[in-house]
Amino acid sequence: MIPQTMEENDNKGNCQLHEYKGVSFPTKIHTPESLQYMEDFDVRDDDVFVAAYPKSGTTWMQEITTLILSGGDLTPVNTIPNWKRVPWVENISGKGFLENCPSPRLISTHAPYSIAPKKLKEGKGKAIYITRNPKDIMVSLLHFSKFVRFFADIGTLEECFRNFVSNKAQLHGGSWFTHVRGWHEHKDDPNIFIISFEDMVKDLRGSVKRIADFMERPLSESALDTIAEHCTFSSMKKNPMANYSLISNDWLDHNVGTFMRKGTVGNWKSEFTVALSEAFDTVYAKKMEGCDLKFIWDIAELHK
Ligand code: A3P
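Residues numbered from 1 in each chain as written. Predicted model: local features only at pLDDT ≥ 70, side-chain atom pairs only at ≥ 80, totals over all residues. Heavy atoms only, no water.

## A closer look at helix 7 (residues 134-147)
Next up, step 1: Compared with the 20 Å implied by 1.5 Å per residue over 14 residues, the 20 Å span of helix 7 between its first and last C-alpha is a close match.
Next up, step 2: In terms of burial, helix 7 is largely enclosed, as 12 of its 14 residues are buried.
Next up, step 3: Along helix 7, the residues that are buried comprise P134, K135, D136, I137, M138, V139, S140, L141, L142, F144, S145 and F147.
Next up, step 4: On its buried face, helix 7 is in contact with helix 8 (157-165), helix 9 (176-184) and helix 14 (274-287).
Next up, step 5: The opening residue of helix 7 is N133, an N-cap whose side-chain oxygen sits 3.1 Å from the backbone nitrogen of K135. (Helix = DSSP H or I, 4+ residues; strand = E, 2+ residues; numbered from the N terminus. Expected span 1.5 Å × (residues − 1). Buried < 20%, exposed > 50% of the residue type's maximum accessible area, 1.4 Å probe, protein only. Contact = heavy atoms within 4.5 Å. Polar contact = N/O pair within 3.5 Å; in protein donor to acceptor, adjacent residues only side chain to side chain.)

Structural data, given as structure tokens:
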């Protein structure tokens, strides 16, 4: 969700959202034309999409998939910023980045399934979709909105909650509920693989292996070790090619936060009141009715 041309541009402009087919996107980095380009995107057979609602672990998956493609060679993750290695197809610069990019390509998207590339939905290429428990997403989003300058501050946690649960969520990617349900409905499509942030926290090495198998890029034991070690939170937090420290203060206010913030499960507990958590649970039960997705909400649950 970071602009890909930020090295060249400053960020003097608005922080507004606009709607494309009922879904909100930041005006500064997506236009109706760039979103249409995404829908009509000329998917190649060996393209792999990293798809997620913002703050679900997209950056983490960009690092993992880059290393799976390189067979564990750290050169690309240590020398190329992630927005160039795994560019966003819906960004205004997506076309320029992707059309001349040699295969196999890794491509990021925050699009809900309804507007994902049509050819992907017809079975061309592959997509890895990351889920994350929505209370942690909300807290991550709240901090991110103070740190990033290209969309508006989303207010207090209570204000964020009201927005987050609204059917017309004024948030990048629209409603989380619609997003996650839309992709999850396609969990059995052979070219779609769904994995949770919490699974990756619980067993990073095992998760990397499952992702590599899906990508049909089997890895040696030593490559698996290298990738699992490089993709820990503490290691990625230090990597300027992944932690967005290269981005100028015009785009990100480095005085108020860091992109690699907590990287854990259950951080919401230190910010939600009991009342807010209960209100969330009530809406969640209603909006997720009939969906068999289960989330891990607490770090203690991971080790049961
Ligand atoms: P927090 O703000 O909760 O720390 P995205 O890339 O989709 O915007 O997601 C960002 C979230 O993923 C942030 O969550 C960030 O810290 C977390 N993250 C990124 N890399 C990670 C890693 N290697 N391990 C655990 N969490 C990671």
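## A word on the packing of aromatic side chains
Next up, step 1: Per the counting criterion, the structure on display carries 25 aromatic pairs.
Next up, step 2: Centre to centre, the rings of F144 and F147 are 6.2 Å apart; their planes meet at 65 degrees, and the pair counts as edge-to-face. Remark: F147 and F144 occur in helix 7; sequence separation between them is 3 residues, near one turn of the helix.
Next up, step 3: Consider the rings of F177 and Y284, whose centres lie 6.5 Å apart with planes at 55 degrees: the pair is tilted. (Phe/Tyr/Trp six-rings, centres within 6.5 Å; stacked < 30°, edge-to-face > 60°.)

## So, the site of the ligand
Next up, step 1: Taken together, 18 residues surround the ligand, and among them T58, T59, S140, K262 and G263 come closest.
Next up, step 2: Measuring from an oxygen atom of the ligand, one finds a backbone N or O atom of G57 at 3.0 Å.
Next up, step 3: For the ligand, an oxygen atom lies 2.6 Å from a polar atom in the backbone of K262.
Next up, step 4: For the ligand, whose free accessible area comes to 570 Å², the fraction covered by protein is 98%.
Next up, step 5: Among the elements that line the shell around the ligand, the one with the most residues is helix 2 (residues 58-69), at 3 residues.
Next up, step 6: Class assignment for the residues of the shell around the ligand results in 7 nonpolar, 7 polar and 4 charged. (Near = heavy atom within 4 Å. Areas by Shrake-Rupley, 256 points an atom, 1.4 Å probe, with all protein chains shown as cover. Nonpolar A, V, L, I, M, F, W, Y, C, P; charged D, E, K, R; others polar.)

## Some details on the environment of W251
Next up, step 1: By the element assignment, W251 lies in the loop between helix 13 (233-238) and helix 14.
Next up, step 2: Residue W251 is classed as buried on the basis of its relative accessible area, which comes to 2%.
Next up, step 3: In this structure the C-alpha to C-alpha distance between W251 and H30, which are 221 residues apart in sequence, comes to 15 Å.

## With respect to the pattern of salt bridges
Next up, step 1: Scanning the model with the defined rule gives 15 salt bridges in all.
Next up, step 2: A salt bridge links K126 to E216; the nearest nitrogen and oxygen atoms lie 2.8 Å apart. With K126 in strand 5 (residues 126-131) and E216 in the loop between helix 11 (204-214) and helix 12 (221-230), the pair connects residues that are 90 residues apart, well separated along the chain.
Next up, step 3: On the basis of relative accessibility, which here comes to 16%, the residue K126 falls in the buried class.
Next up, step 4: Classification of E216 as exposed rests on a relative accessible area of 59%.
Next up, step 5: Note that D188 is salt-bridged to K187, the shortest N-O span being 3.7 Å. (Salt bridge = Lys/Arg side-chain N within 4 Å of Asp/Glu carboxyl O.)

## A few points about the nonpolar core
Next up, step 1: Within the largest apolar cluster, 50 residues are counted, with the highest numbers of intra-cluster contacts made by F164, W176, W183 and M288.
Next up, step 2: Once you skip the residues sitting within four places of it in the chain, W183 turns out to touch A51, A111, P112, Y113, A116, L120, A127, Y129, I192 and I194.
Next up, step 3: Counting 44 residues, the second largest nonpolar core, distinct from the first, contains W83, I128, F151 and F193. (Core = buried A, V, L, I, M, F, W, Y, C linked by side-chain atoms within 4.5 Å.)

## Observations concerning the confidence of the model for the protein chain
Next up, step 1: Averaged over all residues, the pLDDT of the protein chain is 92; the fraction at 70 or higher stands at 95%.
Next up, step 2: Across residues 5-14, confidence stays below pLDDT 50; counting only partners more than four residues off in sequence or on other chains, it has 20 contacts. (pLDDT = per-residue confidence, 0-100.)

## Notes on the pairing of strand 1 (residues 17-20)
Consecutive side chains along a regular strand alternate between the two faces of the sheet.
Next up, step 1: Burial of the side chains of strand 1 is restricted to one face: H18 and Y20 are buried, whereas none of L17 and E19 on the reverse face is.
Next up, step 2: Here strand 1 runs beside strand 2 (residues 23-26); their pairing, made up of 4 bridges, is antiparallel. Within the sheet, the bridge partner assigned to H18 lies in strand 2 and is F25.
Next up, step 3: Counting the residues between successive antiparallel strands, the hairpin from strand 1 to strand 2 contains 2 residues, one of them, K21, with a positive phi of roughly 50 degrees. (Pairing = 2+ DSSP bridges.)

## Describing the pairing of strand 3 (residues 48-52)
Next up, step 1: Of all the 5 residues making up strand 3, 5 are buried; the element is thus mostly covered by neighbouring parts of the structure.
Next up, step 2: Of the two faces of strand 3, both are covered, the one formed by V48, V50 and A52 as well as the one formed by F49 and A51.
Next up, step 3: Summarising the sheet, strand 3 and strand 4 (residues 106-109) pair through 4 bridges and their orientation is parallel. What sits directly across from V50, in strand 4, is S108.
Next up, step 4: Direction of pairing for strand 3 relative to strand 5: parallel, over a ladder of 5 bridges. Bridge pairing in strand 5 links V50 to I128.

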